[in-house]
Amino acid sequence: MKANRRTSLISIALLGTLLATSACSSSGGDAGEDVTLTIATVNNPQMKDMEELKSRFEEDNPGITVDFVTMEEGDLRAAVTADVASGAGQYDIVTVGAYEVPQWGAQDWLLDLTEPLASDAEYDVDDILPAVRDTLSVDGKQYAVPFYGESSILMYNKEMFEQAGIEISNNPTWQEVAEYAAELDTDEHAGICLRGKPGWGDLFAPLTTVVQTFGGNWYDENWDAQVNSPEFVEGVEFYVDLLNEHGQADPVSYSFTECLNLLSSGKVAMWYDASVAASILEDPEASEVAGQMGYTHAPVYKTEESGWLWSWNLAIPKTTKNPDAATTFVKWATSKEYHQLVGEELGWTRVPPGARTSTYSIPEYEEAAAAFAPITLEVMESVNPEQPGVNPQPYVGIQYVPIPEFQDVGNQVAQEVADAIAGRTTVQEALDRGQEIAQTAGDLQK
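Note that the coordinates shown come from a computational prediction; the quantities given were computed from them, not determined experimentally.

A.B. asks: Describe in detail the overall build of the protein, supporting the description with residues and values.
C.D. replies: Looking only at helices and strands, the protein has 18 helices and 10 strands in total. Look at the contacts in the protein between residues 6 or more apart in sequence, and 75% of them connect residues 24 or more apart. Total accessible area on the protein is roughly 17,200 Å²; 46% of this is exposed by carbon and sulfur atoms. Each charge sign in the protein was given a centre, from 23 positive and 72 negative side chains, and these centres are 7 Å apart.

A.B. asks: Run through the pattern of salt bridges, naming residues and quoting values.
C.D. replies: If you walk through the whole model with that rule in mind, you get 16 salt bridges. The partner of Asp120 in a salt bridge is Lys331, with the nearest N and O atoms 2.9 Å apart. Note that Asp120 is positioned in the loop between α5 (114–118) and α6 (130–135) and Lys331 in helix α13 (residues 323–333), a separation of 211 residues in sequence. Since its relative accessible area comes to 18%, Lys331 is described here as buried. Ionic pairing is found between Asp443 and Lys446, a salt bridge with its closest N-O pair at 3.7 Å. Note on Asp443: relative accessible area 41%, which makes it partly exposed. Here the residues in one salt-bridge network are Asp49, Asp283 and Arg350, joined through shared partners.

A.B. asks: So what about the state of the cysteines? Which residues, and what values?
C.D. replies: For the structure on display, the rule yields one disulfide. One disulfide in the model links Cys193 with Cys259; its S-S distance is 2.1 Å. With the S-S bond torsion at -75 degrees, the cross-link from Cys193 to Cys259 turns out left-handed. Taken together, the residues span a long stretch of sequence, with Cys193 in the loop between α8 (174–184) and α9 (204–213) and Cys259 in helix α11 (residues 256–264) at a distance of 66 residues. Both residues of the pair, Cys193 and Cys259, belong to the buried class.

A.B. asks: Go over the environment of Pro230, please, and point to the residues and values.
C.D. replies: Looking at where Pro230 falls in the secondary structure, it is placed in helix α10 (residues 230–246). Here Pro230 falls in the exposed class, since its relative accessible area comes to 63%. The spatial distance from the C-alpha of Pro230 to the C-alpha of Phe214 is 9.7 Å, given a sequence separation of 16 residues.

A.B. asks: Summarise the sheet that holds strand β8 (residues 270–274); cite the residues concerned and give the values.
C.D. replies: The sheet built from three strands is open, its strands ordered β8-β7-β9 with antiparallel pairing. Bordering the open sheet on either side are β8 and β9 (293–297), each of which pairs with just one other strand. Between one strand and the next, the sheet's axes are offset by a mean angle of 30 degrees, whatever the strand orientation. In terms of strand pairing, strand β7 (residues 152–157) meets β9 through five bridges, oriented antiparallel. Within β9, the residue paired with Met155 across the bridge is Tyr295. Along the sheet, α11 makes contact with β7, β8 and β9, crossing β8 at roughly 145 degrees. Contacts from helix α16 (residues 373–382) reach β7 and β9, with the element oriented near 15 degrees to β9.

A.B. asks: Could you give an account of the environment of Cys259, with specific residues and numbers?
C.D. replies: Of the residues examined, Cys259 reaches a relative accessible area of 0% and is grouped as buried. Sequence separation between Cys259 and Val427 is 168 residues; the distance between their C-alpha atoms is 23 Å. Each residue touching Cys259, except ones within four places of it in the same chain, is listed here: Cys193, Leu194, Arg195, Gln248, Tyr254 and Trp271.

A.B. asks: Go over the environment of Asp49 with me, naming the residues and quoting the values.
C.D. replies: As for its placement among the helices and strands, Asp49 is situated in helix α2 (residues 45–60). Along the chain, Asp49 and Ile39 lie 10 residues apart, while their C-alpha atoms are 14 Å from each other. When sequence neighbours within four positions are dropped, the list of residues in contact with Asp49 reads Tyr338, Leu346 and Arg350.

A.B. asks: Tell me about the sheet that holds strand β2 (residues 64–71), residues and numbers included.
C.D. replies: Taken in spatial order, the five strands make up an open sheet running β2-β1-β3-β10-β6, and their pairing is mixed. A strand with exactly one partner marks an edge of an open sheet, and here the two such strands are β2 and β6 (145–150). Between one strand axis and the next, the sheet turns through 20 degrees on average, direction left out of account. Note that strand β3 (residues 93–97) and strand β10 (residues 310–315) share four bridges and pair antiparallel.

A.B. asks: I'd like to hear about the packing of aromatic side chains, residue by residue, with values.
C.D. replies: Enumeration according to the criterion identifies 28 aromatic pairs in this entry. Plain terms: the ring middles of Trp332 and Tyr338 are 5.1 Å apart, the flat faces sit at 75 degrees to each other, and that makes the pair edge-to-face. Owing to a relative accessible area of 15%, Trp332 belongs among the buried residues under this scheme. A network of ring pairs unites the aromatic residues Tyr99, Trp200, Phe204, Trp218, Phe232, Trp310, Trp312, Tyr400 and Phe406 as a single cluster. Note that Arg356 overlies the ring of Tyr123, its terminal NZ or CZ placed 4.6 Å from the centroid.

A.B. asks: Describe the pairing of β7, listing the residues and the values that go with them.
C.D. replies: For β7, the buried fraction is high: six of the six residues fall into the buried class. Residues Ser152, Leu154 and Tyr156 of β7 are buried on one face, and the alternating residues Ile153, Met155 and Asn157, pointing to the opposite face, are buried as well. Bridge count between β7 and β8: five bridges; the pairing is antiparallel. The partner of Ile153 across the bridge, within β8, is Asp273.

A.B. asks: Outline unusual backbone geometry, listing residues and values.
C.D. replies: Even without being a glycine, Asp108 presents a positive backbone phi close to 60 degrees. The phi dihedral of Asp250 falls on the positive side, at around 50 degrees, and the residue is not glycine. If you trace the backbone, Asp250 turns up in the loop between α10 and α11.

Parameters at a glance
- Residues numbered from 1 in each chain as written.
- Predicted model: local features only at pLDDT ≥ 70, side-chain atom pairs only at ≥ 80, totals over all residues.
- Heavy atoms only, no water.
- Helix = DSSP H or I, 4+ residues; strand = E, 2+ residues; numbered from the N terminus.
- Contact = heavy atoms within 4.5 Å.
- Areas by Shrake-Rupley, 256 points an atom, 1.4 Å probe, with all protein chains shown as cover.
- Lys, Arg positive; Asp, Glu negative; His and termini not counted.
- Charge placed at Lys NZ, Arg CZ, Asp CG, Glu CD.
- Salt bridge = Lys/Arg side-chain N within 4 Å of Asp/Glu carboxyl O.
- Buried < 20%, exposed > 50% of the residue type's maximum accessible area, 1.4 Å probe, protein only.
- Disulfide = S-S within 2.5 Å.
- Pairing = 2+ DSSP bridges.
- Axes fitted to C-alpha atoms, helices over the stretch in contact; angles between N-to-C directions.
- Phe/Tyr/Trp six-rings, centres within 6.5 Å; stacked < 30°, edge-to-face > 60°.
- Lys NZ or Arg CZ within 6 Å of the ring centre and 35° of its normal.

Remember, this is a structural readout, not a statement about activity or role.
Listed below in structure tokens is the structure:
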């Protein structure tokens, strides 16, 4: 752990130095020239839609070509961090999560988009959902724009529930969900799909919310780690047992995309994950279960809510040589007009959710997204990032801890838990090791 922490701190220091020295030279490079923008983005369906529609942007902006580099979530974070830390400037635009934006913005690692957004009345920056916009701002400066926002919900196959004679409430408990999973687990389909792939943004996105509603959390108010506390252990043991008893086969190979494919093909009865998945599940061209799905609030135990709050955002590193062209593309891809374009060209259920208030007033979207749009907004407005669990915490955030060290901490502890899922260790042993990892990072915050 000492070696990992030293490497992390060196990387952070190097990153700040490189960006500080490159900032003065990043304002040129795209004036009066043909420009090729390289965007690094996550391998999610909404991002693939953006790539599919990029030709419309290129037609309207002669001289600007956009190249996409699409990666899985963990690979994306590693590639973007390495690029910025080296000062290579390989990417003009990056897809970053709500976790990174405030940290990188505070360090002046990203272009400040406040003025170009506010000065464009047609863009209407005030239309961005306030809760999401706030997570992307530091000291009144906005460093990214949301491509889509989300919370987490329980998604279930209504036909399977009806055939089993099961009625589910809008606010189920985890204990009830476990009972449903046991009844619905058959040779034809699993009872539930949950992420098991190691990674702080993979396994621990949903698992942290489970831990919080069981009364646990990563740190207490004094930054003392709580990873092997009884409540944290209870939450993880529940999750691991549910996966092993009634979840999908080979769970450590599953994250968002894999569970999405399983549910959309009718091979699992329930899935707890990002609310953005509902728009894909309701698309007849992408899902075999469109029209058959139901949605509820995230399951709870000791809290009233347990959903997360997240957004995938477009930001511009200060290492870009094409800031003007990059800003033009970022505004296009997050505009009202883009939402209209997605609806008209690809289908209204595929419009990026949880980003703009006006989206929920488009008649075609209201009709097409009637199954999931209301609950998405309801959950996003119900969660409490300041205290998502039972006890107070020294930071604002739900499914992540907004400190630079958390990527490393979360990844390492996730690997320990994945070993427990695979039966190579016990949950208690995994979290005892995780406690040491987390405490090292906690001590740096004191």
